[in-house]
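# Architecture at a glance
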Amino acid sequence: MLAQEPALRQLAGRLPGYEARQGELAELAAEALQLEGRLAECLRSINPAWGAEDLRAFAGTVGERESVRRFASRFAAYDKEMELLRSERAKQERAAATAEKAASAAVARVEASAAEGRRQFAMLVPQQPSEIRALWSELRGELDRWREGQGRLASEQRAADARALAAAQMRALYRKLLAGCGLLTVALPVILWLTADAPWAAAATAAALLGLDAALARAAFRSAPPAGERRLRRGAAAFGAGDDAGPEARLGALLSRLVRHPQSAAAASRSRSGAAPSSGPVDWDEEERQLRRLMEAWQLWDQRHAALQSEAEAALSQASAARDELAAAERELARREAAFEELAGQWETWLTERKLSADLSPEAAADVFRLAEQGRDWLARLDGLAAKMAALRAENERFEQECLAYGDQATSDQAAAVLRAALSHLDGALEAKKHHDQLSAQLLPLEEEGQRLDDRLRQVLESEQALLAEAGAADGEELLRLGAAKERREALERELRQLELMLFAGLDDAKQEELEQLLRTTEESELRQRLETVEQELAQAEAWLGQLQEQRGRLLQEQESLAARCLQDDLMQQLEEQRAALRDRLDQYAVMAVCHELIGRARRVYEEERQPAVLQAASGYFAEMTGGTYRRIVMKIGTQELMAEHSELGPLESALLSRGTAEQLYLSMRLALSEAVSGQTPLPLLLDDLFVNFDEGRLVGAISVLRKVAERQQLIMMTCHEHVVRHVQNLLPEAKVVHM
């Protein structure tokens, strides 16, 4: 068994490895089982019909991945295009529906306009607008010609009436002349008869005057043309106007062709039959006015109707274009769907060639590549585990064969137990050998120690003899006495050296020689006497030194007392000087305090009573804007800074005000300056978006002030905020708002 120890130790050293391999085999088997489950799940995810060989046969190369990517990009492009086309189709459907609706509405408006025209202009005979316009143009021409004929007749009538009036006026004049001549005919011959006493002259004058009276009488009493002559003239005038009867007939005919006017139609029929009219002549001016109003209304309707027809045609064309675009979109959709069917067929062929499910999408195919790659990794790991497990099993089998060589009729799974039993037997044999070796090991040191003690004893004896010979002693006791004497000598020598150091320490060579000479030449008693004398002198010197030190302390104390008294005098002197300076400063302070109070009073008087008119006006505006929180605006004398006087806190610098309050102050100053600059002639005030930093209360206060300012001068405010406009409209209802 001891001869087989190396082999057993080697096997024992390999036993943990064997056991570790056994555990590793178990772990590898569990891992392989887990990997097989994952691989099976992966294969089911790829294709339930797939096996491990199919997975190994699946290449999954970069080219196939690129093909899947291209298919995916093409499918994605198709989805985007179809989404865009469907969106465009929906948009075109909405546009077509809107266009159809607009066209239907336009057609309905045209039909309603036509019905309205037929109802409103039912008296018009022609049905076509071109005929109506032609007849109306011809009728206006005939009316113009008739108006020209009527004008000529009226001018001729006015000329005849003028001539008749002139004749009547001449007859009246002749009658007046006849009356005057009659008076002369009676009075002048009598006067000549009586005054001239010339009967023949009186008779001749009377005859001449009678002739003149006869001529005047013929001219004065010439009657107007007889009724027959007037009828002839009227007949001639009527005959002369017979050429103008044609236009009236044509007017009647045209009017009857244009409108269904009962009166004009009857007049036209009587004119054509030659019968006398049953009523008065037609008032063609009134007829023209009525016709003009009718035709103007018809023309307006015709224009609106034409515009509606144009709109209807445009709407119909737009609807047709929308239908065409929709049909084109449908054709494009059909073409894209056919291309997609072809692409889907190519994709199914690609999947079938690789034994993949035909229901996979390109995105799922990308997952298949990932799963296949993962499955191949698992297959590789399984193959690696199988190879490793085979190697471990082979190694364990060799170990078991070597272990079973130390046992009888044992199986491979009992190899470890056989090895442990052999190792136990080996340990027992080794323990016995170890005990034997320990006893052997203990005997050898004891022998060596005895030999070493013998050698030491021999060396000690030799050393003793050498020491006795060297010291000249007969035995060991004498040697000990000699050793003690030597030690005493060495101690005395050390003490002598210490005393020498004490005596000669700090002395130079001369002093040292002198001291040595003294010690050699002087007796011990004399030295003791000298020592006592010196000690007495030293005591006296120390006493004197103590006295001197005491005296020095008293002097120092006296010196300190004197110094303290001098310092106190200095301090008292300084105190008096400070008191004198303080009295001077008190006088100066009294003067300065009085001056400060007087200046403050003058300043307050100035600020309260002598402020400029601008500040007074601004103070009023500011107080009203703030609702009395701030009473007025004052200007600080010297620095010329504006300050707002708070009703409770007093004057505050503008830098301490909030942004909104500061802008209220500046707006008040601006309004006051505008009032001061305007003078007698108010100038417009331009305000550009002042209320950005105003809250509700500040805005209302500012607008209330601006309402008063607007009473004396024009205000132009610009803003982009609706709430400002609302407040202005509420507080200034007379303000004009212009939206730009």
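Refer to the structure presented above.
Please read these numbers as outputs of a predicted model, since none were measured by experiment.

Structurally, Glu-663 can be placed in helix H16 (residues 659-678). The exposure class of Glu-663 is buried, given its relative accessible area of 19%. The residues contacting Glu-663, other than those within four sequence positions of it, are Leu-690, Asn-693 and Phe-694.

Here the focus is the packing of helix H15 (residues 613-625) against H16. At their nearest, the axes of H15 and H16 sit 8 Å apart, and the two run at 135° to each other. By the angle between their axes, H15 is oblique relative to H16. Relative to H16, the crossing made by H15 is right-handed. Residues Val-614, Leu-615, Ala-617, Ala-618, Tyr-621, Phe-622 and Met-625 of H15 touch H16, and the partners they reach there are Thr-661, Gln-664, Leu-665, Leu-667, Ser-668, Met-669, Leu-671, Ala-672, Leu-673, Glu-675 and Ala-676. Residue classes in the contact of H15 with H16 are distributed as 14 nonpolar, three polar and one charged.

Glancing now at the environment of Gly-180. Residue placement: Gly-180 occurs in helix H4 (residues 129-195). The spacing of Gly-180 and Asp-213 is 33 residues in sequence and 9.2 Å in space, taken between C-alpha atoms.

Looking now at helix H5 (residues 199-220). Residues spaced three or four apart along an α-helix face the same direction, because each turn holds 3.6 residues. Across its 22 residues, H5 extends 30 Å between first and last C-alpha, which sits within 8% of the 32 Å expected from 1.5 Å per residue. All of the buried residues along H5 are Ala-202, Ala-206, Leu-209, Asp-213, Leu-216, Ala-219 and Ala-220. Looking down the long axis of H5, one finds its buried residues gathered within 140° of arc, a one-sided arrangement. In this structure, H5 carries Trp-200, Ala-208, Leu-210 and Arg-218 as exposed residues pointing more than 90 degrees from its buried face. Tucked into the core, H5 has its buried residues touching H4.

Turning to a nonpolar patch on the surface, a few remarks are in order. The grouping of Met-170, Leu-173 and Leu-177 at the surface amounts to a nonpolar patch, some 250 Å² of accessible area in total. The topology assignment puts Met-170 in helix H4. For Met-170, a relative accessible area of 38% puts it in the partly exposed group.

About the thresholds
Residues numbered from 1 in each chain as written. Predicted model: local features only at pLDDT ≥ 70, side-chain atom pairs only at ≥ 80, totals over all residues. Heavy atoms only, no water. Helix = DSSP H or I, 4+ residues; strand = E, 2+ residues; numbered from the N terminus. Buried < 20%, exposed > 50% of the residue type's maximum accessible area, 1.4 Å probe, protein only. Contact = heavy atoms within 4.5 Å. Axes fitted to C-alpha atoms, helices over the stretch in contact; angles between N-to-C directions. Parallel < 35°, antiparallel > 145°, perpendicular 65-115°, else oblique. Left-handed = near helix turned anticlockwise from the far one by under 90°. Nonpolar A, V, L, I, M, F, W, Y, C, P; charged D, E, K, R; others polar. Expected span 1.5 Å × (residues − 1). Arc of directions from axis to C-beta. Patch = residues over 30% accessible without salt bridge, like charges linked within 9 Å, V, L, I, M, F, W, Y side chains within 5 Å. Areas by Shrake-Rupley, 256 points an atom, 1.4 Å probe, with all protein chains shown as cover. Salt bridge = Lys/Arg side-chain N within 4 Å of Asp/Glu carboxyl O.

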